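The lines below spell out each chain.
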Amino acid sequence: MNLFNHWHRYWVTFVTIFTKEILRFTRIWVQTILPSVITTTLYFVIFGRLIGGRIGPMEGFAYLDFIVPGLVLMGVITNSYSNVVSSFYSSKFSRYIEELLISPAPNWVILSGYVAGGVARGLVVGGAVMLVAMIFTDIQIHSLWIMLLICLMTATLFSLGGFINAIYANSFDDISIVPTFVLTPLTYLGGVFYSIELLPDVWQTLSLINPLLYMVNAFRYGLLGVSDIPIGLAFGMILVLIIVLIAMSLSLLRRGVGIKT
Amino acid sequence: MPALAVQQLTKTYKGGFQALKGIDLSVEQGDFFALLGPNGAGKSTFIGIVASLVNKTAGSVNVFGHDLDRDPEGVKSCIGLVPQEFNFNLFLPVFEVVLNQAGYYGIPRREAKVRAERSLRQLDLWDRRDTEMRKLSGGLKRRLMIARALVHQPRLLILDEPTAGVDIEIRRSMWSFLRKLNAEGTTIILTTHYLEEAESLCRNIAIINRGEIAERTSVAALLNTLHTETFVLNLKGRVSELPELGGFVLQHLDDCTLEVEMNRDHTINGLFDALSRNGIEVISLRNKQNRLERLFLEMVDRRVADTGDGA
């Protein structure tokens, strides 16, 4: 009974943080959801319809179809990351993180709540971009489960990344550095718009150290059934990275880095 | 079992500054306890450690039998904190702030709503429940911090400068509320710069200075150590020449106002008798300085003199 109470309490705390996060990004949906949808719609129109029409098929698919998985995953990555980094940093900046720190909520519950919020936003935006893609293409989904699983794991991974970024951030500038100078280049170079088979050997090899390449390709496999890399390797790598970032986040929370004096 | 028992509590910040130097302190259940000290004495560090906002360097903290190292969740469940600085999400409505806090303590939503309403009503904030935080005045925000801290019904309420910057009316209503809360069994620890507040509310007191407990006693015992008291008298009519009154030292502030210093073995009745005999009529009187404030200043001055600082 006592154990049940314990877990029930944790569950209530998790749901409170998760609900707070959902309400946060849905209240300001014009800032959080709409921009990604508009941007990717422009990508579909410009790269898919206008320029893509002049590009031949890629890995057996029309160029517009080929870029859909990358664009969906780009929305997932960017939004899951920015949701957690901005929400957690704001709570640090305005000190209302103290509401949680003084409560009996264990660190893993706090982390789960924020990550779940980031995953939710990532999936909402990913879903919205997917709906837009349906308007421009008539893609037949190869494996819904692989697609959903990769989406979920990627969103989890980048939510954790956003959390760690927020812990170390000391200013609002610090929360935009990683998305601008790390995430965006890695996403663009991660095979969103091209197959790495088009690259010279050296660049192909270099591309393999980009973790986003694995995610984009695994998602592309789920959607189209084609991939530049083995799908099992992609799953394994994302899983390992998630475990590493969870361990790192919990260690930072336990030591109070960036949030306690 | 004390409400709070702290042993050898030490905090050394990066760079070597020692904010707390092995503090031992115990607060009994049901007490209304004041923690006083000048700025930078270590009060907020002390409270921060007890409330899990600051990592301690050494020592132990025990709250209602729960050890902070072994059972932090038990400690946190017992404590409600009203911090010195506002720490709200300014874009949330009042009700949601309190509701979320209840949720963080694991209180199911249905019950949390009932408790949040009760807390807000207790602090006269229910009518403001839909107002966004940023639209509240400073005084209302202070009251909301108390409502938020009480939503999980803590056994120990810690208030760090709870009435800083609020007007007299709100301050008095907060005092009255805190007295009632304490009478109902909640142990209260507060820090304040308004020593009148400590004198009026608290039974026991600790003065912390330079990271050490300089004094730990009851407010009554502390006030008994005062040898003299000074009053300011408003007179009916002008008094140009001051009479000699044994045991009382009189001084003109202006023609219609006197300052009188008297030993504690004299009474105010005696003062009035002596003034009446000399044809001086008094309209009103007040303490020149809050008594606790005077003691506090004496104590800090003495410490500075002892350590040779301030030279």
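Residues numbered from 1 in each chain as written. Chains lettered and ligands numbered in written order. Predicted model: local features only at pLDDT ≥ 70, side-chain atom pairs only at ≥ 80, totals over all residues.

1. Brief notes about helix α6 (residues 168-183) of chain B
The first and last C-alpha atoms of α6(B) sit 22 Å apart over 16 residues, in line with the 22 Å expected at 1.5 Å per residue. Immediately downstream of α6(B), the backbone of Gly185(B) shows phi near 120°, a positive value. (Helix = DSSP H or I, 4+ residues; strand = E, 2+ residues; numbered from the N terminus. Expected span 1.5 Å × (residues − 1).)

2. Some remarks on the interface of chain B and chain A
Facing 25 residues of chain B, the contacting portion of chain A comprises 20 residues. Elements with a minimum of two residues in the side of chain B that touches chain A: α2 (72-78), β6 (79-82) and α3 (94-104) of chain B. Considering only residue class, the side of chain B that touches chain A consists of 12 nonpolar, 10 polar and three charged. (Contact = placed C-beta atoms within 7 Å. Nonpolar A, V, L, I, M, F, W, Y, C, P; charged D, E, K, R; others polar.)

3. Focus on the pairing of strand β2 (residues 18-27) of chain B
Residues and elements named next belong to chain B. Two strands pair when backbone bridges link them, and strand β1 (residues 4-12) and β2 are joined in this way by seven bridges, in the antiparallel orientation. Bridge pairing in β2 links Leu-9 to Ile-23. Where β1 hands over to β2, the hairpin turn is made up of five residues, of which Gly-15 adopts a positive phi near 100°. (Pairing = 2+ DSSP bridges.)

4. Structural notes on the environment of Leu160(A)
Residue and element names in this part refer to chain A. Along the chain, Leu-160 falls in helix α7 (residues 144-168). Between the C-alpha atoms of Leu-160 and Ile-242, which are 82 residues apart in sequence, the distance is 7.6 Å. Aside from chain neighbours lying at most four places away, what touches Leu-160 is Val-115, Ile-242, Leu-245, Ile-246 and Ser-249.

5. Examining helix α5 (residues 138-150) of chain B
All names here are of chain B. End to end, α5 covers 19 Å across 13 residues, agreeing with the expected 18 Å (1.5 Å per residue, within 8%). Arg-142, Arg-143, Leu-144, Met-145, Ile-146, Ala-147, Arg-148, Ala-149 and Leu-150 are the residues of α5 that are buried. Summarising the contacts, the buried residues of α5 are in contact with β6, α3, α4 (109-122), β7 (156-160) and α6. (Buried ≥ 20, exposed ≤ 12 C-beta atoms within 10 Å, placed from the backbone.)

6. Considerations on the sheet that holds strand β13 (residues 257-263) of chain B
Residue and element names in this part refer to chain B. Reading across from one edge, β12-β13-β11-β14 is the order of the four strands in this open sheet, with antiparallel pairing throughout. In the strand order of this sheet, the two ends are held by β12 (248-254) and β14 (282-287), each with one partner. Strand after strand, the sheet turns through a mean of 25° between neighbouring axes, direction not considered. Judged from the five bridges that link them, strand β11 (residues 228-235) and β14 form a sheet pairing that is antiparallel. Counted as the bridge partner of Val-232 is Arg-286 from β14. (Axes fitted to C-alpha atoms, helices over the stretch in contact; angles between N-to-C directions.)

7. What about the confidence of the model for chain B?
When the pLDDT values of chain B are averaged, the result is 87; 93% of them are 70 or greater. Across the assembled chains, the prediction reports ipTM 0.89 with pTM 0.86. (pLDDT = per-residue confidence, 0-100.)

8. Quick word on the nonpolar core
Met215(A), Phe219(A) and Ile158(B) are the most contacted members of the largest nonpolar core, which has 144 residues in total. In terms of residue count, helix α4 (residues 63-93) of chain A provides more of this core than any other element does, 15 residues in total. Sequence-distant contacts of Met215(A), that is, excluding residues within four places in its chain, are made with Leu73(A), Ile150(A), Thr154(A), Ala234(A) and Ile238(A). With six residues, the next largest nonpolar core counts Leu258(B), Val260(B), Leu271(B) and Leu275(B) among its residues. (Core = buried A, V, L, I, M, F, W, Y, C linked by C-beta atoms within 7 Å.)

9. Some words on the pairing of strand β9 (residues 204-209) of chain B
Residue and element names in this part refer to chain B. Most of β9 is tucked away, with six of its six residues classed as buried. With burial as the criterion, each face of β9 is covered, one bearing Asn-204, Ala-206 and Ile-208 and the other bearing Ile-205, Ile-207 and Asn-209. Where strand β3 (residues 32-36) meets β9, four bridges bridge the pair, whose relative direction is parallel. Looking across to β9, one finds that Leu-36 is bridged to Ile-207. Two elements, β9 and strand β10 (residues 212-218), share six bridges in a ladder whose sense is antiparallel. Note on β10: the bridge partner recorded for Asn-209 is Glu-212.

10. Considerations on the packing of α4(A) against helix α8 (residues 174-188) of chain A
Residue and element names in this part refer to chain A. Contact pair α4 / α8: the axes reach a minimum separation of 11 Å and the direction vectors enclose 170°. The orientation of α4 relative to α8 falls into the category roughly antiparallel. Contacts between α4 and α8 involve Met-74, Ile-77, Thr-78, Tyr-81, Ser-82, Val-85, Ser-86 and Tyr-89 on the former and, on the latter, Ile-175, Pro-179, Leu-183 and Thr-187. Residue composition of the contact of α4 with α8, grouped by class: eight nonpolar, four polar and no charged. (Parallel < 35°, antiparallel > 145°, perpendicular 65-115°, else oblique.)

11. Examining the domain arrangement of chain B
It is common to report an interface's size as the accessible area lost on association of the parts. The domain boundaries assigned to chain B delineate domain 1 (4-223) and domain 2 (227-291). Between domain 1 of chain B and domain 2 of chain B, the C-alpha centre-to-centre distance is 40 Å. (Domains from an automatic or database assignment.)

12. Here's the deal with the sheet that holds strand β5 (residues 66-67) of chain B
Across the sheet, four strands lie side by side as β2-β1-β4-β5 (chain B); this open sheet has antiparallel pairing. Because the sheet does not close on itself, it has two edges, and the strands there are β2 and β5 of chain B.

13. Re the packing of α4(A) against helix α6 (residues 107-136) of chain A
Residues and elements named next belong to chain A. Two elements in contact, α4 and α6, have axes whose closest approach is 8 Å; the angle formed by their N-to-C orientations is 155°. Judged by the angle between their axes, α4 and α6 are roughly antiparallel. Handedness of the α4/α6 crossing: right-handed. Class assignment of the residues belonging to the contact of α4 with α6 gives a composition of 16 nonpolar, nine polar and one charged. (Left-handed = near helix turned anticlockwise from the far one by under 90°.)

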